[in-house]
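# Descriptive structure summary
For reference, the chains in residue letters:
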Amino acid sequence: MIPDYYEFCNSTKIVSGTRAIEHIGYELAALGASRPLVLTNAQLLELKVAAIVIDALADTEAEVAGVYDEIPVDSSAAVVDDVARVYRESGADAIVAVGGGSVLDTAKGAMIVLTHGGSLMEHRGAESLLGRRAVTFIAIPTTAGTGSEVTSAAVIKDTERHVKMGFTSLSLLPDVAILDPRLTVGLPPRLTASTAMDALTHAVESVSCVQANPLSDCYAKAAIGLIRDHLPAVLDDPRSTKARLALANAALMAGAAFSNAMVGIVHAMGHAAGGVAGVPHGEAMSVLLPHGMAYNLDVACDRYGELLLDLAGVETYAATPAADRGAAAIGAVRSMMAMLHERTGLPVTLGEMGVEPEQIPDIARAALDDGAMSMNPKQPSYEELIEILKGAL
Amino acid sequence: MAQTGWKAKRGRKAVAAAVFAVLGRGFVAAARLDERVRAEAASWPEDTVITLRIAPFGPQVSWRKREGVLEYLGGVQVTPSLAVIFKSVDGALPLLVGMKPVLGAFAEHRATVSGDLALAMSFVRCLHIVEGYLFPDLMTRRILPRPAERRAGHLVAYGTLVFRRARLEGASS
């Protein structure tokens, strides 16, 4: 069904393939940039993952203005402001962000500050940043999960209030996203699983949220099919560049889907659990996804039912009565969780990740205030959130 | 043709200004009548100013929370802590006259938010309660996330529109 009104934008150039990073010199030149600041974190430097990009840059006409590697797992407004300061002082003319969601979102935050001035906290909001971006931006993900390389959203932690702040603006879309399986083949199984579940959650939520549209649906369903087919293959053979590239593309497609359709209750609860209890985002998504789907089932049954085809395959879909497909889709997600728990130790409850019962009220309150909740097809009360979170504990 | 369109737009802006005036006082009325609105507003930082505006030139309506009081500021120019800005009067009107849900404005990209999104979520929860007082059930059934719960009837609420300020003491947040 075509919505009464929708918007869709994905302007990022996608460069995907084994050794795709070697084209970074061309991409920078095409964008008119020659002094990139590389953003990454210390662990990626130590594991020589960032070195793949830095080595590729060394063989170009570009001169690296610097390497900033002090980005923590949960970035903050202070880190963003510091990156902007380093960018200005280094005389850089582009940002090349190499990392997971935290690194990529930090780059987006820095671009906001560099374009609009002041501090990141002065620019909170949704769709409110206008004007052309002042910084060239190439995003190179090292996980297959966040999809941040093609999203208009960034999540940055407010370390004072212990909440994750969302920023959305089309000006956050990277100019180029490079997917190269050499950057993800070394991911450990549990991180591979949790980031893939993050991507799956992006895809599922984008289909059920109120901004869903025909184009975002296409990306979401393609992403789910790729995850279903290639996540087990990656766990079977972690060095398979073909399967790794497929997962990276799945994460990208899910990112394009949710960037244009948004996410809902699962992300709202996950952001809140991350802010209050430090729960890793991908693992929170994995645990909370079936609970969020179950809550939405009465209003999103048909939409979830459509996803059964991609989640479980054509035979299961055809054998399931139409009225039961929505619930069966939740069952398929639970089956995937169980498989990942058995093969990688991925948690299946919040309790396994250290969430205490007394933290549930704070998580519920923070979830109610999370912007993602506004796009869920059904608005929960505080009491309902408490029940959902207790169910996931 | 162009002149007709211009006149029609001016008419729509006049309707929006009138709705803003009712909504502005209705928000204060709901705060006087309903402890849920008082609790939400009490949780806002001191000197919070919230503005609803139609881009680029208005009309607009604002409220300020200061020293335990929520005040309706009318359409005066202020520097808001939180601004919900409709991209056009055509985008705003369906929401303002109760034809579309508040959250629908964001779902359909009709409005932008400048400021803390957590504060915006609190403000939207208040608007849902305010709409419950201003609109009949026939309309609220379509635009609110759940059936309206009222602490007083519509007539009392409309009678309370004479006030511009509501004390927030007694909020249970």
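For the structure itself, consult the block above.
One structure accompanies this document, and this report is about it. What you are looking at is a predicted structure, and each value in this text was computed from that prediction instead of being measured.

## Notes on the packing of aromatic side chains
What the rule picks out here adds up to five aromatic pairs over all chains. Each ring, one from Phe8(A) and one from Tyr219(A), has its centre 5.6 Å from the other, and the planes form 20°; the classification is stacked. One end of the pair, Phe8(A), is in the segment before strand E1 (13-16); the other, Tyr219(A), is in helix H7 (residues 214-236), with 211 residues separating them in the sequence. Geometrically, the ring pair formed by Phe27(B) and Phe123(B) is stacked, given 5.6 Å between the ring centres and 15° between the ring planes. Remark: Phe123(B) occurs in helix H5 (residues 117-134) and Phe27(B) occurs in helix H1 (residues 2-33); sequence separation between them is 96 residues. Phe123(B) matches Phe27(B) in its accessibility class, with the two residues each being buried. An aromatic cluster is defined as three or more aromatic residues linked by ring pairs; in this entry it consists of Phe27(B), Trp44(B), Trp63(B) and Phe123(B). The side chain of Lys378(A) reaches across the aromatic face of Tyr295(A), ending 4.0 Å from its centre.

## Overview of the sheet that holds strand E2 (residues 60-66) of chain B
Spatial strand order, E7(A)-E8(A)-E5(A)-E5(B)-E4(B)-E1(B)-E2(B)-E3(B)-E6(B): nine strands in an open sheet with mixed pairing. Of all the strands in the sheet, the pair left with one neighbour each is strand E7 (153-158) of chain A together with strand E6 (165-167) of chain B. Two elements, strand E5 (residues 125-126) of chain A and strand E8 (residues 163-168) of chain A, share two bridges in a ladder whose sense is parallel. Among the inter-strand pairings, Gly125(A) is bridged to a residue of E8(A), identified as Phe167(A).

## Overview of the packing of helix H13 (residues 360-368) of chain A against helix H14 (residues 382-392) of chain A
Residue and element names in this part refer to chain A. Remark: H13 packs on H14, axes separated minimally by 9 Å, with the N-to-C direction vectors making an angle of 125°. Between H13 and H14, the crossing angle belongs to the class labelled oblique. Classified by chirality, the crossing of H14 by H13 is right-handed. Where H13 abuts H14, its residues Ile 360, Pro 361, Ile 363, Ala 364, Arg 365, Ala 367 and Leu 368 lie against Tyr 382, Leu 385, Ile 386 and Leu 389. Partitioned by chemical class, the residues of the contact of H13 with H14 number 10 nonpolar, no polar and one charged.

Thresholds applied
- Residues numbered from 1 in each chain as written.
- Chains lettered and ligands numbered in written order.
- Predicted model: local features only at pLDDT ≥ 70, side-chain atom pairs only at ≥ 80, totals over all residues.
- Heavy atoms only, no water.
- Phe/Tyr/Trp six-rings, centres within 6.5 Å; stacked < 30°, edge-to-face > 60°.
- Helix = DSSP H or I, 4+ residues; strand = E, 2+ residues; numbered from the N terminus.
- Buried < 20%, exposed > 50% of the residue type's maximum accessible area, 1.4 Å probe, protein only.
- Lys NZ or Arg CZ within 6 Å of the ring centre and 35° of its normal.
- Pairing = 2+ DSSP bridges.
- Axes fitted to C-alpha atoms, helices over the stretch in contact; angles between N-to-C directions.
- Parallel < 35°, antiparallel > 145°, perpendicular 65-115°, else oblique.
- Left-handed = near helix turned anticlockwise from the far one by under 90°.
- Contact = heavy atoms within 4.5 Å.
- Nonpolar A, V, L, I, M, F, W, Y, C, P; charged D, E, K, R; others polar.

No statement about biological role is implied by the geometric values presented.
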